[in-house]
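Here are the chains, one letter per residue:
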Amino acid sequence: MAPIPAPLINVGHIDDVQELRKNKASQIPERFIRPTSERPSLHKPTNNDHPFDNYIPVIDLSKLITANKDNDDDDYCNEITKLKTSCQDWGFFQVMNHGVDLELLEKMEKVSMEFFNMPLEEKQKYTMIPGTIQGYGQAFVFSEDQKLDWCNMFALGLEPHSVRNPNFWPTKPSDFSETVDIYSREIRKLCKNLVECIAISLGLNDGVFEEMFDDAVQAVRMNYYPACLRPDLVLGLSPHSDGSALTVLQQGKDNSVGLQIWKDDTWIPVQPIPNALVINIGDTIEVLTNGRYKSVEHRAVTHKEKDRLSIVTFYAPSYEIEIGPMVHLVDDKNPAKYRRYNHGEYSKHYVTNKLEGKKTLEFAKIKI
Ligand SMILES: COC(=O)C(/C=C/C1=C(C)CCCC1(C)C)=C/O[C@H]1C=C(C)C(=O)O1
Ligand SMILES: O=C(O)CCC(=O)C(=O)O
Ligand SMILES: [Fe+2]
């Protein structure tokens, strides 16, 4: 995908939500207040609302990444089956024993927090240009009348290096860039492993996706959600599915619940598990699997007293790759539901439209 030229659009004034919080503004600015139908219902979940078997599945990656994958090993087979049902029924799972150094996760959280805690003027050296997605600010805002999310974002393209914009890499905190680089390499290895396991869970050869992800596109976004006086009126992040193949989400260590996924006509909160990472299927895996594994709509809500941080990695095929349902997953009983297209084109379409549920994926659907 060629770099997107900065569009000349008027997005109006975007308040910095950390500053609003700092200044203890007693009113929520109108642009953040959602119409009634979009407001989150924030009653405390009871076991009746969300029985434990409704919590997103947890996969133990150490059972899947063995030097010698032994298909007769019960632990291995059970975990592959669990992965398959997680992807089919939830589109989301948490992964433990993921192989990413826990100290590195902590370091990444630390530098992200240090970044967001810097004075506004320092962060504004990396201000996102309206209508684009890298840098500090609010991505996916394209007009003056669009509602805003109660979130400050800082996003960086990572791989291939052609998506990097060196002007956005902060000099402070001093260990930020080095930490992001190491983190990016480790998360990439995890994504490679997960994609292989996903292939196996579909009954395919573990290498079927290898070429497609050889030059995988990777980006990171840190989302900072300050506490909000009226969490019942605002959203931390609008409902959307991710355009990636896979997304890896790290929640801050003492995070309150904030991420919610849309399942069985209800918003289900994702309970943070210490040291686990949240994985979700993106639109690209939905297309490749001809809808067998679907990207799931999700959103973030805010908290009255607590701030929240999430660090999100998007992992997607190279922009040059042609995407479409895999031949192995299309037959007379399962005709193709999605057309073939260039992934770079989808990326461009995704990043030039506001977050609105699964609307962006209409781009790929074959209309019947
Ligand atoms: C909610 O999704 C995103 O913010 C997002 C952004 C990704 C990117 C950058 C922050 C920098 C440049 C590259 C890239 C577009 C990956 C999602 O990324 C998904 C969406 C598509 C499509 C994709 O390939 O990754
Ligand atoms: O912060 C969260 O929990 C959700 C983040 C997310 O969905 C995203 O950045 O795409
Ligand atoms: Fe997301």
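Above this note sits the structure.
Predicted, not measured: the structure shown is a model, and the values here were computed from it. (Residues numbered from 1 in each chain as written. Chains lettered and ligands numbered in written order. Predicted model: local features only at pLDDT ≥ 70, side-chain atom pairs only at ≥ 80, totals over all residues. Heavy atoms only, no water.)

1. Some details on the coordination of the iron ion (ligand 3)
Heads up, the rule is: Shown as donors are all N, O and S atoms within 2.8 Å of a metal ion, widened to 3.2 Å for Na, K and Ca; because water is not in the atom set, sites may appear incomplete. Each helix is a run of DSSP H or I of at least 4 residues and each strand a run of E of at least 2, with the numbering of both proceeding from the N terminus. To sort residues, take the accessible area from a 1.4 Å probe on protein chains only and compare it with the maximum for the residue type: under 20% means buried, over 50% means exposed, and anything in between is partly exposed.
With distances of 2.1 to 2.2 Å, the protein atoms coordinating the iron ion (ligand 3) are His240 (NE2), Asp242 (OD) and His298 (NE2). Positions of the donor residues of the iron ion (ligand 3), expressed as sequence spacing, correspond to H-x1-D-x55-H. Separated by 58 residues along the polypeptide, His240 in strand β6 (residues 237-240) and His298 in strand β11 (residues 298-300) bring together distant segments of the chain. Grouping residues by exposure puts His240 and His298 together as buried.

2. Notes on the site of ligand 2
Spelled out, the test is: Nearness is defined per residue: one heavy atom within 4 Å of the molecule or strand is enough. Throughout this description, a polar contact denotes any pair of N or O atoms lying within 3.5 Å of each other; where both atoms belong to protein, one of them has to be capable of donating a hydrogen while the other can accept it, and for residues adjacent in sequence the pair is counted only when both atoms sit in side chains. Accessibility throughout is a Shrake-Rupley quantity obtained with a 1.4 Å probe, and a residue counts as covered only by protein chains that appear here. Cavities and pockets are found on a 1 Å grid laid over the protein atoms alone: a cavity is a set of points where a 1.4 Å probe fits but cannot escape, a pocket is an open set with protein on both sides within 12 Å along at least five of seven lines, and a lining residue has an atom within 4 Å of such a point. Molecules are considered to sit inside a cavity or pocket once more than half of their atoms lie within 2 Å of its grid points.
Contacts to ligand 2 come from 13 residues, most closely from Arg221, Tyr225, His298, Arg308 and Ser310. Contact between ligand 2 and Tyr225: an oxygen atom at 2.6 Å from a side-chain N or O atom of the residue. Within the side chain of His240, a nitrogen or oxygen atom sits 3.0 Å from an oxygen atom of ligand 2. Look at ligand 2: alone it shows 300 Å² of surface, and the protein chains cover 99% of it. Put simply, ligand 2 lies in the largest cavity. Every element with two or more residues in the shell around ligand 2 is listed here: β5 (217-225), β6 and β12 (308-316). Counting residues per element, the shell around ligand 2 draws most heavily on β12, at 4 residues.

3. A look at helix α5 (residues 176-201)
Rules: Expected span of a helix, by definition, is 1.5 Å for each gap between consecutive residues, and there is one gap fewer than residues.
A rise of 1.5 Å per residue sets the reference length of α5, with its 26 residues, at 38 Å; its end C-alpha atoms lie 36 Å apart and thus fit the reference within 8%. In the stretch just after α5, Gly203 is the one whose phi turns positive, near 80°.

4. Describing the nonpolar core
The condition is simple: Residues enter a nonpolar core if they are buried and are Ala, Val, Leu, Ile, Met, Phe, Trp, Tyr or Cys, with the set joined through side-chain atoms within 4.5 Å. Working rule for contacts: check all heavy atoms of both residues, and any pair within 4.5 Å makes them a contact.
Counting 78 residues, the largest nonpolar core has Phe154, Phe209 and Met222 as its most contacted members. Of all the elements, α5 adds the most residues to this core, at 11 residues. Once you skip the residues sitting within four places of it in the chain, Phe154 turns out to touch Phe115, Phe116, Tyr126, Gly135, Tyr136, Phe168, Pro170, Phe176, Val220, Arg221 and Met222.

5. With respect to the pattern of salt bridges
Just so we agree on the cut-off: Any Lys or Arg side-chain nitrogen found within 4 Å of a carboxyl oxygen on Asp or Glu counts as a salt bridge.
Taken as a whole, this structure holds 21 salt bridges when the rule is applied. Across the pair Arg34 and Asp149 runs a salt bridge whose closest N-O atoms are separated by 2.5 Å. Placement of Arg34 in the loop between α1 (17-22) and β1 (58-60) and of Asp149 in the loop between β3 (135-137) and β4 (152-159) is noted, with a sequence separation of 115 residues between them. The burial state of Arg34 is the same as that of Asp149; both residues are buried. Between Lys358 and Glu286 there is a salt bridge whose closest N-O contact spans 2.5 Å. Placement of Lys358 in the segment after α7 (343-351) and of Glu286 in helix α6 (residues 283-288) is noted, with a sequence separation of 72 residues between them.

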